[in-house]
Amino acid sequence: MQMKKLFAVLSVFVFGASFASQAYAAVAAPYERAYIKSSVRENIGRQNTKLAAKYRATMLDRFMHYTTYDSQSNDAVAITPEQIETAKKLYAEIQKFGFKTLLTKNYYIYVEIPSNVNWKTPTLGFSCHYDTTPDIIGKGIKAQKIEKYDGKPIELKNGHVLSTETDPYLKQMIGKTIVTSDGTTMLSADDKAGVSVLVTFIQTLAENPSKKHGNIQIVITPNEDVGRSADFIEETPYNPDIAFDFDGGVNGEVVVGNFNAEKVVYKVHGVNGHQSMAAENGYRNAWKPACELGAACAQEQWLPNNSTGKQGYVELHHMDMSEGQVNVAELDFRLRDFNQQNIENWKQYADSVATQISDKFGVKIEREVLKQYGNVAENIHPQARQVVTNALKNAGITPNFKEERAGTTASMLMLKLGNGAYTLFTGQNNPHAFTEWLSEEDMYKAFLVALNLSDEVVMMK
């Protein structure tokens, strides 16, 4: 490495930002990781660790406060009054930090932090969601902070127990701080931990303007837990070049791939009449052809028994035939696969079967397709994996890359934005359960990783 380039990066942290801006720019374009020696990154990491430590207690207090917000989403309504109230509270809090902040008509919160360097960098995006699952009691949460956890079973109300036997990760928390509910509700760390991380990140940059960073976009969405996180993302300017979603599990976990997901509905239209006079009145019951279509599409190759790993599946989610309406039957299929082509193959197969059945029974069969979310790995920034690897290692964390047999906020946003994002750990454990708990250390580490990511991206071309 040329000594002047090493000096350029080090000078940012040793001599101050104004002195070093031109020297830092020489390294920033291009982002040649071979030039950025481990000693330079270690120095960046030490600076960020020192900065993050100042906000650690603030972030935990912020999380405890956020658990008092009732923000459950609901499948049956566009948005709940409680989510609206939560969005307004968060917007008012974030707006005070002085950055451009929007609250859209559908209650997305968008924050834009302008670049403070004089060279062009990719726009960095962070996302999370403020709603919580409707699947479990989430109102009146009474979070309890347990400092210096002793490793013994934690008895919650209603007979719920947290223990190292049922949750081995708790063993790593001995001597550290964790947060639980009282057992009568969930905790809502999914995703109030992510919200706490990003709001604290915004506060940190607002109160430390000398810290160099490129353009940063942040979006906090509603309705993630009912699969509608991206429904109105176009109301915001959010469209980063390289993005990360803060809504994950434990130490070092990074979701780098997930299922593609589609909902495919076949509607079979029969002909009204009575079976006893079918030859005369042309009666066609819709149920029989619908059953044949369902059976044909549930073969082992499409619906394997207990699929695992990279294996996808097609599931007949439900069949519906309204009482007294024998001429219309509906089949709702859910398609899940890491490879979109496998989904396309099934749809082609199912269409051919539907055509045969339509001809056989003389019925009309219509198809409707709803794309639910996409695999972020199929369109991710080419440097995303290296960037997050560097950011994690610089925080003293071993990356744990995994692929999720489900969807994420990032995978929903990908449908609208066209770009994928990795999902990062935030300390969530046992989400959507009475025994949900938060690792304060993991939440803090996620915050440190966010700071490191801003440095990694500012050094990119």
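J.: Residues and numbers for the environment of valine 458, please.
T.: Mapped onto the secondary structure, valine 458 falls in helix α11 (residues 440-458). For valine 458, a relative accessible area of 0% gives the class buried. A sequence separation of 246 residues divides valine 458 from lysine 212, and the C-alpha atoms of the two residues are 7.6 Å apart.

J.: Before we move on, could you go through the nonpolar core and cite the residues and values that matter?
T.: Counting 64 residues, the largest nonpolar core has Phe126, Phe201, Ile218, Phe244, Phe246 and Leu453 as its most contacted members. No other element matches the 10 residues that α11 contributes to this core. Excluding its chain neighbours within four sequence positions, the residues that come into contact with leucine 453 are Leu124, Phe126, Phe244, Phe246, Val387, Val388, Ala391 and Leu424.

J.: Got a sec to walk through the sheet that holds strand β12 (residues 313-320)? Specific residues and values, please.
T.: Ordered by their spatial adjacency, 4 strands build an open sheet running β12-β13-β11-β14, and the pairing between neighbours is antiparallel. Across the chains shown, the open sheet's two edge strands, defined by having one partner strand only, are β12 and β14 (364-373). Averaged over neighbouring strand pairs, the angle between their axes works out to 20° when direction is ignored. Of the pairings in the sheet, the one linking strand β11 (residues 260-269) to β14 comprises 9 bridges and is antiparallel in character. Within the sheet, the bridge partner assigned to lysine 267 lies in β14 and is glutamate 366. Against the sheet, helix α7 (residues 287-296) engages β11, β12 and β13 (328-337), with an angle of about 10° to β13. Along the sheet face, helix α8 (residues 340-361) touches β11, β12, β13 and β14 and points at about 5° away from the line of β11.

J.: Any details on helix α4 (residues 81-95)? Residues and values, ideally.
T.: Here α4 contains 15 residues, and its C-alpha end-to-end distance of 21 Å stays within 8% of the 21 Å for a straight helix at 1.5 Å per residue. Those residues of α4 not exposed but buried are Gln83, Ile84, Thr86, Ala87, Leu90 and Ile94. Along α4, the residues classed as buried sweep out an arc of 160° about the axis, all on the same side.

J.: Give me the lowdown on the confidence of the model for the protein chain, citing residues and values where you can.
T.: For the protein chain, per-residue confidence averages 89 on the pLDDT scale, and residues scoring 70 or more make up 88% of the total. Below pLDDT 50 for its whole length, residues 1-35 participates in 65 contacts with residues either more than four positions away or in separate chains.

J.: Hey, could you go over the packing of helix α9 (residues 384-393) against α11 for me, with residue numbers and the actual values?
T.: Viewed as axis vectors pointing N to C, α9 and α11 meet at an angle of 130°, and their least axial separation amounts to 8 Å. One way to sum up the angle between α9 and α11 is to call them oblique. For the pair α9 and α11, the crossing hand works out as right-handed. Across the interface between the two elements, Val387, Val388, Asn390, Ala391 and Leu392 of α9 pack against Val449, Asn452, Leu453, Glu456 and Val457 of α11.

J.: So, the sheet that holds strand β1 (residues 100-103): which residues are in play, and what are the values?
T.: The 8 strands lie next to each other as β1-β2-β8-β3-β9-β16-β10-β15, forming an open sheet whose pairing is mixed. Because the sheet does not close on itself, it has two edges, and the strands there are β1 and β15 (400-404). On average, each strand axis in the sheet is inclined to that of its neighbour by 25°, with strand direction left out of account. Strand direction decides the pairing type here: strand β2 (residues 109-113) and strand β8 (residues 216-221), joined by 5 bridges, are antiparallel. Of the residues in β8, the one forming a bridge with valine 111 is isoleucine 218. Taken strand by strand, α11 contacts β3 (124-129), β8, β9 (242-248) and β16 (422-425), and its axis lies near 140° from that of β16.

J.: I'd like to hear about the packing of aromatic side chains, residue by residue, with values.
T.: Inspection of the entire model under this criterion finds 9 aromatic pairs. Their ring planes at 85° and their centres at 5.0 Å tell us that phenylalanine 126 and phenylalanine 246 sit as a pair that is edge-to-face. Of the two residues, phenylalanine 126 is situated in strand β3 and phenylalanine 246 in strand β9; the sequence distance between them amounts to 120 residues. Taken as a pair, phenylalanine 126 and phenylalanine 246 share a single burial class, namely buried. A centroid spacing of 4.8 Å and a plane angle of 50° characterise the contact between phenylalanine 259 and phenylalanine 338, whose relative ring orientation is tilted. Of this pair, phenylalanine 259 sits in the loop between β10 (253-258) and β11 while phenylalanine 338 sits in the loop between β13 and α8, and the two are 79 residues apart along the sequence. Phenylalanine 338 gets classed as buried once you look at its relative accessible area, which sits at 5%. The ring of phenylalanine 338 is capped by lysine 310, whose NZ or CZ atom sits 4.6 Å from the centre of that ring. The residue whose ring lies beneath arginine 385 is phenylalanine 401, and the NZ or CZ to ring-centre distance is 4.0 Å.

J.: Which residues make up the packing of helix α5 (residues 189-207) against α11, and what values go with them?
T.: For the pair α5 and α11, interaxial distance at closest approach is 9 Å and the crossing angle is 45°. The orientation of α5 with respect to α11, classified from their angle, is oblique. As α5 packs across α11, the resulting crossing turns out to be right-handed. Note on element contacts: α11 touches α5 through Met443, Ala446, Phe447, Ala450, Leu451 and Ser454, opposite Ala193, Ser196, Val197, Thr200, Phe201 and Thr204.

Quick notes on the rules
- Residues numbered from 1 in each chain as written.
- Predicted model: local features only at pLDDT ≥ 70, side-chain atom pairs only at ≥ 80, totals over all residues.
- Heavy atoms only, no water.
- Helix = DSSP H or I, 4+ residues; strand = E, 2+ residues; numbered from the N terminus.
- Buried < 20%, exposed > 50% of the residue type's maximum accessible area, 1.4 Å probe, protein only.
- Core = buried A, V, L, I, M, F, W, Y, C linked by side-chain atoms within 4.5 Å.
- Contact = heavy atoms within 4.5 Å.
- Pairing = 2+ DSSP bridges.
- Axes fitted to C-alpha atoms, helices over the stretch in contact; angles between N-to-C directions.
- Expected span 1.5 Å × (residues − 1).
- Arc of directions from axis to C-beta.
- pLDDT = per-residue confidence, 0-100.
- Parallel < 35°, antiparallel > 145°, perpendicular 65-115°, else oblique.
- Left-handed = near helix turned anticlockwise from the far one by under 90°.
- Phe/Tyr/Trp six-rings, centres within 6.5 Å; stacked < 30°, edge-to-face > 60°.
- Lys NZ or Arg CZ within 6 Å of the ring centre and 35° of its normal.

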